[in-house]
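Descriptive structure summary
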Amino acid sequence: LNSTKSVARPIDVLDAHIYGGDVALARANYAEARKLWEAALQISQTSSVKAKECVTLARLGKLCMQEGKIPEAEKFLEQALQVASGYRESTLKGYVYEQLAYLAAAKGQNQQASTYGEKCLEVYDQMQLREAANFRKWLYSIYK
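What this report covers is the structure whose coordinates are included nearby.

Looking at the largest pocket, its volume works out to about 210 Å³. Forming the boundary of the largest pocket are I18, Y19, A51, K52, V55, R59, T91, L92 and Y95. At the level of secondary structure, the elements contributing two or more residues to the lining of the largest pocket comprise α2 (10–26), α4 (50–67) and α6 (90–106). Top element by residues in the lining of the largest pocket is α4. It accounts for four residues. For the lining of the largest pocket, the residue count by class is six nonpolar, one polar and two charged.

Encoded structure:
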């Protein structure tokens, strides 16, 4: 992260914050992940990098779910879906739908989870993403 700041390219700094947040989340360092993703969100919004804004919002929503902050997760994921809807890259929508499915399941709304899950799988299957297999297993497991 420090070396990317010296390059002074906002996209490099943005990517470093996003991936740093991923590492922090993997280590269950939620405060650090939040700090990095909030900085990434600010950079993406001021730089008008919509794809990164969408990804960052979705990751913040995922983090909030893991922290049990469901209303905050909903807010971030709704914003992510709004940004993704205005962007041509459908993979972003798939990722947001995936997170929305997880959120709905966490709230005990299996029908809503299924609706979001099917939308996610439609994108993932169309793009032939390998993530589809694992997500499909999870989606079908909520009905057992």
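Residue position: L63 is located in helix α4. It is 7.5 Å that separates the C-alpha atoms of L63 and L25, two residues lying 38 residues apart in sequence. Look past the residues within four positions of L63 in its chain and what remains in contact with it is L25, Y30, A33, R34 and W37.

Ranked by size, the top nonpolar core spans 43 residues in total, and within it W37, C54, V96 and L100 carry the most contacts. Secondary-structure elements contributing two or more residues to this core are α2, α3 (30–47), α4, α5 (70–85), α6, α7 (110–126) and α8 (131–141). A total of nine residues in this core trace back to one element, the largest contributor, which is α4. Those residues in contact with V96 that lie beyond four places of it in its chain are C54, A58, L77, A80, L81 and A84.

Restricting attention to buried positions, one finds in α8 the residues A132, F135 and L139. Seen end-on, α8 carries its buried residues on one side only, within an arc spanning 70 degrees. Within α8, the exposed residues directed more than 90 degrees away from the buried face are N134 and K137. Close packing links the buried residues of α8 with α6 and α7.

Okay, unusual backbone geometry next. Although it is not a glycine, A28 sits at a positive phi angle of roughly 60 degrees. Note on placement: A28 falls in the loop between α2 and α3. Positioned with a positive phi, S48 is a non-glycine residue whose angle comes to about 55 degrees.

This part takes up the pattern of salt bridges. Any two side chains of opposite charge can pair, on the condition that their charged atoms come close. Using the criterion set out here, one finds ten salt bridges in the structure. Close ionic contact of R59 with D22 constitutes a salt bridge, the shortest N to O distance being 2.6 Å. In this pair, R59 sits in helix α4 while D22 sits in helix α2, placing the two residues 37 residues apart along the sequence. The class for R59 is buried, based on a relative accessible area of 17%. Between K35 and E32 there is a salt bridge, and its shortest N-O distance comes to 3.6 Å. Residue K35 and its partner E32 are both found in helix α3; the two are separated by three residues, about one turn of the helix.

What counts, and at which threshold
- Residues numbered from 1 in each chain as written.
- Predicted model: local features only at pLDDT ≥ 70, side-chain atom pairs only at ≥ 80, totals over all residues.
- Heavy atoms only, no water.
- 1 Å grid on protein atoms, 1.4 Å probe; cavity = no way out; pocket = protein on both sides within 12 Å on 5 of 7 lines; lining within 4 Å.
- Points joined across faces, edges and corners; volume = space filled by probe spheres on them.
- Helix = DSSP H or I, 4+ residues; strand = E, 2+ residues; numbered from the N terminus.
- Nonpolar A, V, L, I, M, F, W, Y, C, P; charged D, E, K, R; others polar.
- Contact = heavy atoms within 4.5 Å.
- Core = buried A, V, L, I, M, F, W, Y, C linked by side-chain atoms within 4.5 Å.
- Buried < 20%, exposed > 50% of the residue type's maximum accessible area, 1.4 Å probe, protein only.
- Arc of directions from axis to C-beta.
- Salt bridge = Lys/Arg side-chain N within 4 Å of Asp/Glu carboxyl O.

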